[in-house]
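Here are the chains, one letter per residue:
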Protein chains: 2
Amino acid sequence: MDDGRRRPVTIADIAAATGVATSTVSRALSRPGRVSAATRERIQAAARELDYVPHPTARALASGRTGTVALVVSDVTNPFYFGMIRGTQQQLKAAGYAHLLIDTEDSGEHEIEMLHTMRRSLDGAILGASRLPARSLVALADEIPLVTVNRNVRGVPSVVIDTPAGIAQAVEHLVSLGHRDIVYVSGPQQSWSNQARWQAMKAALERHKLGAQRVGPFPSGRGSGTAAADAVLNSGATACVAFNDLFAIGMLTRLRERGVRVPADLSVVGCDDIFGADFSNPPLTTLTAPIEQAGRVAVSLLVSRLEHQPLRRAVVLPTYLTVRDSTGPRR
Amino acid sequence: MDDGRRRPVTIADIAAATGVATSTVSRALSRPGRVSAATRERIQAAARELDYVPHPTARALASGRTGTVALVVSDVTNPFYFGMIRGTQQQLKAAGYAHLLIDTEDSGEHEIEMLHTMRRSLDGAILGASRLPARSLVALADEIPLVTVNRNVRGVPSVVIDTPAGIAQAVEHLVSLGHRDIVYVSGPQQSWSNQARWQAMKAALERHKLGAQRVGPFPSGRGSGTAAADAVLNSGATACVAFNDLFAIGMLTRLRERGVRVPADLSVVGCDDIFGADFSNPPLTTLTAPIEQAGRVAVSLLVSRLEHQPLRRAVVLPTYLTVRDSTGPRR
DNA sequence: ATGAAAGCGCTAACAG
DNA sequence: CTGTTAGCGCTTTCAT
């Protein structure tokens, strides 16, 4: 039938075929409500007949809406983002948007530069973990609709996962197991989350009249687990809370190598409950973060903002402690 | 300085500022070679001065090139794709393309439908694990430049990971450990990879004059591990090769529950070496697949095809056996 | 090497 | 409700 090499059919073809103006075709296809039932039928029939497929680019140029939203992450490599990619993907698809994936390689420069460059081809962006200073963020938000995740900046809608509350639970848990020397394994200093977690940890320990100490900071990545494990051991602590699960899992490996038993000799708590935390050895006690949900909510916020009133809010998602086998009584 | 609400600067502004035609500005910016050094300088200076940012949509509409490539996966949820997302992301960024992520939810219908709809807004697509029958694939390839991964269809450039060769190694490994009853844990039947692996397994076992049996098929996902483990146990085999690591890891969990020791009572081999395979309990012996590399190569193939001659080839990437602790001598 | 002019395919006032 | 008329911002012949 088709030879596939024919000039693609446009609304002009449909207009010709049905004897109406192109604008009417456009309406019938994009805003069926604004056209009489009769002509609408005819036009849609013709469109089907001719196997018409709208040209997204043309539509975007004329309307200013691209139907595309970007998810911006600092490092696709980080399993933490997998959940976010999932969540945003699902919700964006449901809302009829295309999903662009941007990796900033942990650089604020890249982040601002890429978004600046692509701003005309996006309807909005979700910043998975912005490395940008507050003022840059606000400036960016003025160029393109933004929603941040785990990053609270005045004026920019955001969804934050309340890990600090979870940290308090974790400390409670460890204290109730008899631990008194609990150390925080610090992640990258530029990380907003890292700061928040450390603050929460200090506060929680103080409430128990315990001193707060930390080791690190260590760079992102499982590899940091080695140095981190050694540092914790060296600190003399009997329990630790790691910046994230990647660290914690890396530590588990290292501790095993060194013949340190978990949790008998050292209890370790992770953060985020990423893929793998439940089948590591031992399974990791961790703060389960609703990452996927965060992604979905972020999309909802953005989409409702794009399609309705500019209701800019902040959403806080709870975290809870999932106790598995990497924590136990102080021996 | 800026109030951010000014009309965005266009090439017309640059043309006005430098006293040349818009076409010259266009050339100076997109094909610097086609313009005299002097005017090129002036134009580029003006562009910088005015903080000009090209409008990707307008460019796309006029030129037909969108600078966007889609990665199509059947389920973002599957950790197998994480590596592919990484690899394609890296290489696409390097080549200056934007990275669109499409999830087909395991449905061939969705796959063809979404690509058909978006074809005008893409320069090409990489099919991570197409569910499409060969003829549909060929038809699609006629609409939009395609590269497949782990799917070999005549006329469509592809990169396939040679897991079958790896399977042979795995069988060798198990046989050398004394196993004679080795069962294959089958994945979804529509999966091309699953078929290929089973065939390879049969062939390898035959070479050793051993019978080939399989359990399943089971649906994708870690959850299948439970049923799979039970089925394998029931088969009386002392070793098994699972369709993929997700299955294998799920099995590990189930076997532990049932008090079956791995590898003492049962050896298990996975496929792909996804994130987590090295820190599961016990760490998984598996076929390490260069998934990330596959993603990169797929992008290279596609990009070179988009920018040069249509050299359509198939690339085969090797797999190797990574022996960890989930396999051991037959007891 | 540069300019003029014609679109790319669609949407969006503005009339009627 | 529908047609007319302008563009959206850029690339691309075709002249010069």
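Starting afresh in each chain, residues are numbered from 1 along the sequence in its written order. Following the order in which they are written, the chains are lettered starting with A and the ligands numbered starting with 1. In view of the model being predicted, local features appear only for residues whose pLDDT reaches at least 70, and side-chain atom pairs are presented and counted only at 80 or more, with totals across whole chains, interfaces and linings using the full set of residues. To get the side-chain values, take all heavy atoms of the structure and skip hydrogens and water.

K.L.:
Would you mind going over the packing of helix α1 (residues 11–18) of chain B against helix α2 (residues 22–30) of chain B in detail, with residue names and values included?
P.N.:
Residues and elements named next belong to chain B. Angular values range over 0 to 180 degrees, each being the angle between N-to-C directions of two axes fitted as lines to C-alpha atoms, with helices fitted over their stretch in contact. Elements are defined by DSSP. Helices are runs of H or I of four residues or more, strands are runs of E of two residues or more, and each kind is numbered from the N terminus. Axis separation between α1 and α2 bottoms out at 8 Å; the angle between their running directions is 105°. As the angle between them shows, α1 and α2 are arranged roughly perpendicular. Contacts between α1 and α2 involve I11, A12, I14 and A15 from the first element and T22, V25 and L29 from the second. Basically, the charged four are Asp, Glu, Lys and Arg, the nonpolar ten are Ala, Val, Leu, Ile, Met, Phe, Trp, Tyr, Cys and Pro, and anything else, Gly included, counts as polar. Partitioning the contact of α1 with α2 into residue classes produces 6 nonpolar, 1 polar and no charged. To sort the angles, those under 35 degrees are grouped as roughly parallel, those over 145 as roughly antiparallel, those from 65 to 115 as roughly perpendicular, and the leftovers as oblique. We call two residues contacting when some pair of their heavy atoms lies within 4.5 Å.

K.L.:
An account of the sheet that holds strand β9 (residues 267–272) of chain B is requested, with residue identities and associated values reported.
P.N.:
All names here are of chain B. The strand order across the open sheet built from 6 strands is β7-β6-β8-β9-β10-β12, with neighbouring strands paired in mixed fashion. Of all strands in the sheet, those with a lone pairing partner are β7 (213–215) and β12 (320–322), marking the two edges. On average, adjacent strands in this sheet sit at an angle of 25° to one another, irrespective of strand direction. In this description, strands pair whenever DSSP reports at least two bridges between them. Relative to strand β10 (residues 285–288), β9 is paired through 4 bridges, and the arrangement is parallel. Bridge pairing in β10 links D272 to T288. Lying over the sheet, helix α11 (residues 245–257) contacts β6 (182–185), β8 (239–242), β9 and β10, oriented at roughly 150° with respect to β9.

K.L.:
Could you give an account of the relation of the copies chain B and chain A, naming the residues involved and the relevant values?
P.N.:
If you rotate chain B by 180° and push it 0.0 Å along the axis, it lands on chain A with an RMSD of 0.1 Å. The superposition operator between the copies reduces to a two-fold rotation axis. Most of the interface of chain B is mirrored in chain A: 100% of its interface residues are interface residues there too. We place the copies in one frame by least squares, fitting the C-alpha atoms of every residue whose pLDDT is at least 70 in both.

K.L.:
Report on the pairing of strand β1 (residues 68–73) of chain B, specifying residues and quantitative values.
P.N.:
In regular strands, side chains alternate between the two faces of the sheet. All names here are of chain B. The classification of residues rests on relative accessible area computed with a 1.4 Å probe and restricted to protein chains. Under 20% of the type maximum is buried, over 50% is exposed, and intermediate values are partly exposed. For β1, the buried fraction is high: 6 of the 6 residues fall into the buried class. Looking at chain direction, β1 and strand β2 (residues 98–103) are connected through 6 bridges and run parallel. Each residue of the ladder has a partner; that of T68, found in β2, is A98. Here is how to tell: hold the view so the strands point away, follow the path from the first strand over the helix to the second, and if it runs clockwise the crossover is right-handed. Of the crossover connections in this fold, the one passing from β1 over helix α5 (residues 80–95) to the parallel β2 is right-handed. Relative to strand β3 (residues 124–127), β1 runs parallel, the two sharing 4 bridges.

K.L.:
How would you summarise the side chain of B:H179 if you had to cite specific residues and measurements?
P.N.:
Residue and element names in this part refer to chain B. The residue H179 is located in the loop between α8 (163–176) and β6 in this model. Under the relative-accessibility criterion, H179 is labelled buried at 1%. Any pair of nitrogen or oxygen atoms within 3.5 Å is treated as a polar contact; in protein, a donor-acceptor pairing is required on top of that, and neighbouring residues in sequence qualify only through side-chain atoms on both sides. Looking at H179, its side chain comes within polar contact range of the side chain of S267, at 3.4 Å. Apart from the residues lying within four places of it in its own chain, the contact partners of H179 are L174, L210, T238, A239, S267, G328, P329 and R330.

K.L.:
Any chance you could break down the protein's contact with DNA strand D for me, citing the residues and the numbers?
P.N.:
One heavy atom within 4 Å of a molecule or strand is enough for the residue carrying it to be called near that molecule or strand. Taken together, 28 residues lie around DNA strand D, and A:T24, A:R27, B:S26, B:Y52 and B:R59 are the ones closest in. Atoms of DNA strand D within 4 Å of the protein: sugar and phosphate make up 59%, bases the balance. A distance of 3.0 Å separates a phosphate oxygen of DNA strand D from a polar side-chain atom of A:T39. At 3.2 Å, a side-chain N or O of B:S30 approaches a phosphate oxygen of DNA strand D. At the level of elements, α2 (22–30) and α4 (56–63) of chain A together with α2 and α4 (56–63) of chain B are the ones that each hand at least two residues to the surface near DNA strand D. Among the residues forming the surface near DNA strand D, the class breakdown is 10 nonpolar, 11 polar and 7 charged.

K.L.:
Provide a residue-level description of helix α6 (residues 108–118) of chain B, including the pertinent values.
P.N.:
Along α6(B), the residues classified as buried are B:E111, B:L115, B:H116 and B:M118. Near the N-terminus of α6(B), the side chain that reaches the backbone nitrogen of B:E109, with its oxygen 3.2 Å away, is that of B:S107.

K.L.:
Outline the nonpolar core, supporting the account with residue identities and numerical values.
P.N.:
Residues enter a nonpolar core if they are buried and are Ala, Val, Leu, Ile, Met, Phe, Trp, Tyr or Cys, with the set joined through side-chain atoms within 4.5 Å. Core analysis: the largest hydrophobic core is formed by 146 residues, its most contacted members being A:V185 and B:V185. The contacts of B:V185, once residues within four sequence positions are left out, are B:V215, B:F218, B:A228, B:V232, B:C240, B:V241, B:A242, B:F243, B:F247 and B:M251. Listed in part, the 36 residues of the second largest apolar core include A:L122, B:L100, B:L127 and B:V156.

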